[in-house]
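Single-letter residue listing:
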Amino acid sequence: MSQTAVLSHPVTEADEQAAPALKVRGYWASVGYRLRYDPVTMFFGLVVLLIILAAIFAPLLAPFDPYKESVIGRLKPFGWKNHLLGTDELGRDLLSRLLYGGRVSLLMGVVPVCVATVVGGSLGIVGGFAGKRVNTAIMRTMDVFYAFPSVLLAVAISGAMGGGIGNGMIALSMVFTPAMCRVAETATAQVKNLDFVEAARATGAGTLTILRYHVLGNVLGPVFIYASTLVSVGILLASGLSFLGLGVRPPTADWGLMLSTLRQSIYVNPLICALPGAAIFITSISFNLVSDGIRAAMDVRM
Amino acid sequence: MPEMDGGLQSTGSSATGSGLAAGSSNLVEVEDLSVRFVTREATVHAVNGVSFAVRPGEVLCILGESGSGKSVTLRALMQLLPPRRTRITGRIRVDGQDVLSLDRAGLRRLRGGLVSMIFQEPMTALDPVYTIGKQITETIVRHRGGSQASARARALDLLELVKIPSAAQRLDNYPHELSGGLRQRAMIAMALSCGPRLLLADEPTTALDATVQIQVLILLRKLQKELGMGTIFVTHDLGVASEIADRIAVMYAGRIVEEGPVADVLANPLHPYTQGLLASTVHGQPRDQDINAIPGSPPDLRRLPTGCAFAPRCVQVMAECRAGVPEERRPLAGRMARCIRVPAGAVLADAVADRV
């Protein structure tokens, strides 16, 4: 009854002041606004864009045929006879091979993450929303995959199915699915118990509407952000598989494979041998920093 | 101004025809409602035999402290309690429809159409990833169909109805961009979007600060009168209750212990619990005088005492109090109390006043 004193002279509507009209920026406009003032994200976003463009237009950009070998021009230094970044242990132009190799690495990094996002995300949302037995069935199955270190699991699956880009991508998808599933499940279980789900039910929304509209809307954010961090892990793992001879087969250009074959020449020309590794490093850190920046910009509550 | 949904009203009135065989014209009739939550460890008796009625256009305030079963009663009216763990018995009729026997589709039509609800926390009851315009529009389209554009126009009307300044811009705001009071107004707009006949309000002003609280209360009262909605308002604040209610029902341990017109109950409480509540409020006592708080704490709903649940805390307790749950006694027209000290038959107001 602490309000009684105030209630004796109630506020009328006239007392409510009209707030000054304010300009409302849309969601994506405000995300863009925040990104514009984030130089780190902008810079690495540009790097990612350049890497992707370079991979797409590799046939146009490559100065030489990446598969043309030369017995006399092996492991030559930067700038030797127009080979801007030198040549590898079989005399192939390294710049061209790096450009072509980016295609495989990006493909191996992005496609498994997309597959895992769709499969793992759906399973996680269903499990998190249904709860009880359905949740137990899905999550304990995922835990079986979780029990192995991710590299070991990828190696085991690739090894069992044989090498090749396709099998490598399947292996990586299976590695990423449990992690995606867990992120989606956790987010869903949290959202499910929030007031607005009950409020939605109170306005007559059915389970399907709540799943599609309220749960998905709130879970997609964390899922996408996690997916974007997985891209760099995917590139690293794909390179690792190729390095071990379980990914792509020679002579296909791939950063991991190039690193593996150039490794033997490290005492002859260490700079050349470091280049594929540098490409992997730059790509992976750029993806990481960009996903970090986008996450910060997309968080409406900040 | 939201007009009544044609489809809903026709089904409602036809059903009312059959439901009105008893000759009443009540919007809500709750009879002997009991709600238990069953878990492996224990059974919680949240609501134990509650009966009340609300006429169209009337505001019933359910008053009680935390855990008295007031919010559970409200949620039972819309079947919002988790079905797996909840056991509901009794009878709930809203506009002639038996809520407890409705199927899923019937419930979806009822929720948000015939009956809608305002929640306590406007921050968490609005989805943070959609604009308030989108959320209101979605509800309108769900119940009435029609285009997004027409629903959006109606959403704008609703925001103006609840007095949100520069409503057109606010439609595109996210909940976190609004203040607490504006958010609660948006919540009210959403609840009114499909012209409900019954509005349930679960402590809608508790999360707001005092000045905004009064503004929202005045708005709710005004809208309720204009739109002729029956309203059930749950609160623990006597001041709020006195401001908005026509009638008041005091709940304790899942039972209504006293009911009656708000002015009568507050001026002349019959039940010792209501008396205790009124005595434990601040109303100009000297600063150094302690407030007469009710001793003890509410009973454990897993193990209710036999007899009157308030007996362990009651200052006027007698041996008979613990024998059995006191029956409803109606000493005055429109008044009810569950206390054996209250005279059973109808007596004069003076006589009751003398006794209490």
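Residues numbered from 1 in each chain as written. Chains lettered and ligands numbered in written order. Predicted model: local features only at pLDDT ≥ 70, side-chain atom pairs only at ≥ 80, totals over all residues.

**So, the overall build of chain A**
Of regular secondary structure, chain A possesses 12 helices and zero strands. Traced from its N-terminal end to its C-terminal end, chain A shows the element sequence α-α-α-α-α-α-α-α-α-α-α-α. Looking at chain A as a whole, 38% of its 302 residues qualify as buried. Considering only contacts in chain A between residues 6 or more positions apart, those separated by 24 or more positions represent 68%. (Helix = DSSP H or I, 4+ residues; strand = E, 2+ residues; numbered from the N terminus. Buried ≥ 20, exposed ≤ 12 C-beta atoms within 10 Å, placed from the backbone. Contact = placed C-beta atoms within 7 Å.)

**Regarding the environment of Gly49 of chain B**
All names here are of chain B. Following the sequence through the fold, Gly49 ends up in strand β2 (residues 43-54). Overall, the presence of 17 C-beta atoms within 10 Å leaves Gly49 in the partly exposed class. Through-space distance from the C-alpha of Gly49 to that of Arg255 is 6.4 Å; in sequence the pair is 206 residues apart. Among all residues touching Gly49, those that are not within four sequence positions of it are Asp32, Ser34 and Arg255.

**With respect to the sheet that holds strand β5 (residues 97-98) of chain B**
All names here are of chain B. Ordered in space as β2-β1-β4-β5, the four strands form an open sheet in which the pairing is antiparallel. Both edges of this open sheet fall to β2 and β5, since each of them pairs with a single strand only. The strands touched by helix α2 (residues 70-77) are β1 (28-38), β2 and β4 (86-94); relative to β2, the strand with the most contacts, the crossing angle is about 65°. (Pairing = 2+ DSSP bridges. Axes fitted to C-alpha atoms, helices over the stretch in contact; angles between N-to-C directions.)

**What to know about the domain arrangement of chain B**
Residues and elements named next belong to chain B. Along its sequence, chain B is carved into domain 1 (25-114 + 197-267), domain 2 (124-195) and domain 3 (270-282 + 305-356). Measuring from the centre of the C-alpha atoms in domain 1 to the corresponding centre in domain 2 gives 24 Å. Listed as interface residues are 12 residues of domain 1 and, on the opposing side, 12 residues of domain 2. Counting residues per element, the side of domain 1 that touches domain 2 draws most heavily on helix α9 (residues 210-227), which supplies six residues. A breakdown of the residues in the side of domain 1 that touches domain 2 according to their chemical character gives nine nonpolar, three polar and no charged. (Domains from an automatic or database assignment. Nonpolar A, V, L, I, M, F, W, Y, C, P; charged D, E, K, R; others polar.)

**Comments concerning unusual backbone geometry**
Residues and elements named next belong to chain B. Although it is not a glycine, Asp32 adopts a positive phi angle of roughly 50°. Relative to the elements of secondary structure, Asp32 occurs in strand β1. Here Gln79, not a glycine, exhibits a phi torsion of approximately 60°, which is positive. Accessibility expressed as a C-beta count within 10 Å gives 21 for Gln79, which makes it buried.

**Some thoughts on the nonpolar core**
Note that soluble globular proteins tend to have their nonpolar side chains buried in a common cluster. In terms of nonpolar packing, the biggest core is built from 159 residues, with Met180 of chain A together with Cys61 of chain B touching the most fellow members. The element contributing the most residues to this core is helix α10 (residues 207-243) of chain A, with 14 residues. Ignoring anything within four residues of it in the chain, the contact list for Met180 of chain A reads Ala116, Thr117, Gly120, Gly121, Gly124, Val223, Tyr226 and Ala227 of chain A. (Core = buried A, V, L, I, M, F, W, Y, C linked by C-beta atoms within 7 Å.)

**Considerations on the pairing of strand β8 (residues 230-235) of chain B**
Residue and element names in this part refer to chain B. For β8, the buried fraction is high: six of the six residues fall into the buried class. Going residue by residue along β8, you find Gly230, Ile232 and Val234 tucked away on one face and Thr231, Phe233 and Thr235 tucked away on the opposite face as well. Alignment of strand β3 (residues 59-63) against β8, held across five bridges, turns out to be parallel. Of the residues in β8, the one forming a bridge with Leu63 is Thr235. Sheet topology places strand β7 (residues 198-202) next to β8; five bridges connect them, and they run parallel. What sits directly across from Leu198, in β8, is Gly230. One crossover worth recording links β7 to the parallel β8 by way of α9, and it is right-handed. (Right-handed = clockwise from strand over helix to strand, strands pointing away.)

**Some remarks on the pairing of β3 of chain B**
Residues and elements named next belong to chain B. Most of β3 sits inside the fold, with five of its five residues counted as buried. Both faces of β3 are covered, namely the face carrying Val59, Cys61 and Leu63 and the face carrying Leu60 and Ile62. As judged from the four bridges shared by β3 and strand β9 (residues 247-252), these two strands associate in the parallel manner. The residue of β9 that forms the bridge with Leu63 is Val250.

**Here's the deal with helix α12 (residues 270-298) of chain A**
Residue and element names in this part refer to chain A. Its 29 residues place the ends of α12 42 Å apart at the C-alpha level, agreeing with the 42 Å of an ideal helix rising 1.5 Å per residue. Maximal helix bending in α12 amounts to about 30°, located at Pro276. Burial in α12 covers these residues: Ile272, Cys273, Leu275, Pro276, Ala279, Ile280, Thr283, Ser286, Phe287, Val290, Ser291 and Gly293. (Expected span 1.5 Å × (residues − 1). Bend = angle between axes of the 7 residues up to and from the residue.)

**Concerning helix α5 (residues 132-144) of chain B**
Helix length check: α5 of chain B (13 residues) gives 18 Å between terminal C-alpha atoms against 18 Å at 1.5 Å per residue, within 8%. Among the residues making up α5 of chain B, those that are buried are Ile132, Gly133, Gln135, Ile136, Thr137, Glu138, Thr139, Ile140, Arg142 and His143 of chain B. Its buried side turned inward, α5 of chain B meets α10 of chain A together with α6 (148-161), α7 (167-170) and α8 (180-192) of chain B. Two residues or fewer after α5 of chain B comes Gly145 of chain B, characterised by a positive phi angle close to 70°.

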